Amino acid sequence: MALISSCTASTLKDAATSLRSGNLVAFPTETVYGLGVDATNKDAVVHLFQVKGRPSDHPLIVHIASMANLGKWAREIPEYARKLARTFWPGPMTLILPRTNLAMDFITGNQDSVGIRVPSHPLATALLTEFEDQGGLGIAAPSANRFGKVSPTTADAVVEELSSYLSPADLILDGGPCEVGVESTIINCTQDFPEILRPGAITVTMISDLIGLRVNQITTGSNKSIIKAPGLLQSHYAPKAKVFLSTTPDLGDGFIALADIPTPPGAIRLASPKDTREYAHLLYQALRLADSKQLPNVIAIPPTGDDLAVAICDRLEKCAYKG
Ligand code: TXA
Ligand code: MG
């Protein structure tokens, strides 16, 4: 595995060629780092699942450079989904749509739907554009962590997660820390009304204001949706430290809270975000810091509100210690 710390047009071209030959390329997006493979190459996808340690029937998001290729992967796209795509792409949003034959079972986990996203990080855009120029149709990329673990938001975190599992020909592209810091909003667009399967930076309010339709939000542990989304498992995104929400830390416990909440005596401050945007940006780094300091416990005080706070609370609830 090679870590490319300053990407040029020529390294991106080589990375795209490497993807076309079936290798893995981890790359930055505005949400978290993704571990990319050619979405039409079954052997490469099998290798990806081995590296992630993820069950092979879990669906992957296909990343494309622009809306131009959407029709290759998805059919029967409702008008509200087109509107969402026109407004929020490129950006931190994934649409689940009825699939075409191009989206094979090894991508969709045998479902009739496919997840599609157009990311906005300049390196992701450049890599996808080069990949499509070389004849590629889409890059399947889950978050670049081992299954069930915290998503990486820096290239160093990808190295820490995956270096011992990647092959010599695989690459990690460094694009600095991810701006948003939590994974994309996933919206099920296979029904008359959109349904949020995973909250993210594109919020319920942003969606309902745009399309003027009711928006359902699937909550942790709810089984209202028949669609398979492993991010909906109760335990996910977990560091080694036990995470507790809104309790009082003991001596030597880690502590994550908004900056205006003082650090309780004896606790080790892991992040002091000034607002919810910064909270999301710093959350996964703070959880990784707890593990690098070998802290047994982390106490997090979740933010409140109906913006990115919803996504932060969702991730915190999923990584919280269940006893
Ligand atoms: O921000 C993100 O979405 C990042 C970056 C790299 O793009 N990717 C990401 O991928 O978070 P992953 O695989 O870690 O999480 C994708 C989630 C999974 O929970 C998966 O089950 C769900 O999307 N998903 C993908 N395709 C689906 C489908 N057809 N139906 C339902 N859920 C789907
Ligand atoms: Mg993930």
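If you're wondering where the values come from, they're calculated on a predicted model, not measured in any experiment.

Undergrad: Which residues make up helix H10 (residues 308-319), and what values do they have?
TA: Its 12 residues give H10 an end-to-end C-alpha distance of 17 Å, which sits within 8% of 16 Å, the value for a rise of 1.5 Å per residue. Buried residues of H10: Leu308, Ala309, Ala311, Ile312, Cys313, Asp314, Arg315, Leu316, Lys318 and Cys319, and no others. Check the buried side of H10 and you find it contacts strand S10 (195-198), strand S12 (242-245), helix H9 (276-292) and strand S15 (297-300).

Undergrad: Run through the environment of cysteine 178, naming residues and quoting values.
TA: Considering the arrangement of structural elements, one finds cysteine 178 in the loop between strand S8 (171-173) and strand S9 (185-188). For cysteine 178, a relative accessible area of 1% translates into the label buried. Sequence-distant contacts of cysteine 178, that is, excluding residues within four places in its chain, are made with Thr29, Glu30, Thr31, Val32, Tyr33, Thr153 and His281.

Undergrad: Kindly report on the confidence of the model for the protein chain, identifying the contributing residues and their values.
TA: The predicted model of the protein chain averages 94 in pLDDT, with 95% of residues at 70 or higher. Note on residues 222-226: pLDDT under 50 across the span, and 5 contacts to partners over four residues away in sequence or across chains.

Undergrad: Explain the nonpolar core to me, using residue names and the numbers behind them.
TA: Within soluble globular proteins, side chains that are nonpolar tend to cluster in buried spots. The biggest cluster of nonpolar side chains holds 48 residues, and the ones touching the most others in it are Leu35, Leu84, Leu95 and Ile107. By size, the runner-up hydrophobic cluster in this structure holds 28 residues, among which are Val150, Ala286, Ala311 and Ile312.

Undergrad: An account of the sheet that holds strand S13 (residues 254-256) is requested, with residue identities and associated values reported.
TA: Taken in spatial order, the 4 strands line up as S12-S15-S13-S14 in an open sheet, and their pairing is parallel. This sheet does not close on itself; its edge strands, each paired only once, are S12 and strand S14 (268-271). Within this sheet the neighbouring strands show an average axis-to-axis angle of 30°, counted without direction. Sheet topology note: the S13/S15 ladder contains 3 bridges and is parallel. Paired with isoleucine 256 across the two strands is alanine 300, which belongs to S15. Contacts from H9 reach S12, S13, S14 and S15 within the one sheet, and its direction differs from that of S14 by about 135°.

Undergrad: For the pairing of S10, give the residues involved together with the corresponding values.
TA: Regular strands place their side chains on alternate faces of the sheet. Pairing analysis gives 3 bridges linking S9 to S10, with the strands arranged antiparallel. In the strand pairing of S10, isoleucine 187 is matched with isoleucine 196. Counting the residues in the hairpin turn of S9 and S10 gives 6 residues. For the handedness criterion, the β-α-β arrangement of S10, helix H8 (residues 204-211) and strand S11 (residues 216-217) is classed as right-handed.

Undergrad: Go over the side chain of aspartate 253 with me, naming the residues and quoting the values.
TA: Along the polypeptide, aspartate 253 turns up in the loop between S12 and S13. As a buried residue without a salt bridge, aspartate 253 has its nearest oppositely charged side chain in lysine 242, at a separation of 10 Å. Setting aside residues no more than four positions away along its own chain, aspartate 253 makes contact with Gly266, Ala267, Ile268, Leu295, Pro296, Asn297 and Ile299.

Undergrad: Would you mind going over the packing of aromatic side chains in detail, with residue names and values included?
TA: This structure, assessed with the given rule, holds 1 aromatic pair. Plain terms: the ring middles of phenylalanine 244 and tyrosine 321 are 5.6 Å apart, the flat faces sit at 65° to each other, and that makes the pair edge-to-face. Highlighted residues: phenylalanine 244 in strand S12 and tyrosine 321 in the segment after H10, separated in sequence by 77 residues. Using a relative accessible area of 27% as the deciding quantity, one classes phenylalanine 244 as partly exposed. The positively charged end of arginine 214 is found above the aromatic ring belonging to phenylalanine 193, 4.0 Å away from the centroid. Note that lysine 242 overlies the ring of tyrosine 321, its terminal NZ or CZ placed 4.9 Å from the centroid.

Undergrad: Would you mind going over the sheet that holds S8 in detail, with residue names and values included?
TA: In spatial order, the strands read S1-S8-S2-S3-S7-S4-S6-S5-S9-S10-S11; together these 11 strands make up an open sheet with mixed pairing. The open sheet has two edge strands with one neighbour each: strand S1 (2-4) and S11. Across the sheet, helix H4 (residues 79-88) is in contact with strand S5 (93-98) and S9; its angle to S5 comes to roughly 155°.

Undergrad: A description of the pattern of salt bridges should follow, citing residues and the corresponding values.
TA: The final tally for this structure, using the stated rule, is 13 salt bridges. Here lysine 274 makes a salt bridge to glutamate 278, at a shortest N to O gap of 3.8 Å. Here glutamate 278 falls in the partly exposed class, since its relative accessible area comes to 25%. Overlapping salt bridges bring together Glu183, Asp314, Arg315 and Lys318 as one network.

Undergrad: Give me the lowdown on unusual backbone geometry, citing residues and values where you can.
TA: The omega angle of the peptide bond from tryptophan 89 to proline 90 is -10°, so this bond is cis rather than trans. Topologically, proline 90 is positioned in the loop between H4 and S5. One non-glycine residue, asparagine 110, lies in the positive phi region at around 65°. Its place among the elements puts asparagine 110 in the loop between helix H5 (105-108) and strand S6 (113-117). Of note in this structure, glutamine 294 is not a glycine but carries a positive phi near 55°. Along the chain, the position of glutamine 294 falls in the loop between H9 and S15.

Analysis parameters
- Residues numbered from 1 in each chain as written.
- Chains lettered and ligands numbered in written order.
- Predicted model: local features only at pLDDT ≥ 70, side-chain atom pairs only at ≥ 80, totals over all residues.
- Heavy atoms only, no water.
- Helix = DSSP H or I, 4+ residues; strand = E, 2+ residues; numbered from the N terminus.
- Expected span 1.5 Å × (residues − 1).
- Buried < 20%, exposed > 50% of the residue type's maximum accessible area, 1.4 Å probe, protein only.
- Contact = heavy atoms within 4.5 Å.
- pLDDT = per-residue confidence, 0-100.
- Core = buried A, V, L, I, M, F, W, Y, C linked by side-chain atoms within 4.5 Å.
- Pairing = 2+ DSSP bridges.
- Axes fitted to C-alpha atoms, helices over the stretch in contact; angles between N-to-C directions.
- Right-handed = clockwise from strand over helix to strand, strands pointing away.
- Lys, Arg positive; Asp, Glu negative; His and termini not counted.
- Salt bridge = Lys/Arg side-chain N within 4 Å of Asp/Glu carboxyl O.
- Phe/Tyr/Trp six-rings, centres within 6.5 Å; stacked < 30°, edge-to-face > 60°.
- Lys NZ or Arg CZ within 6 Å of the ring centre and 35° of its normal.

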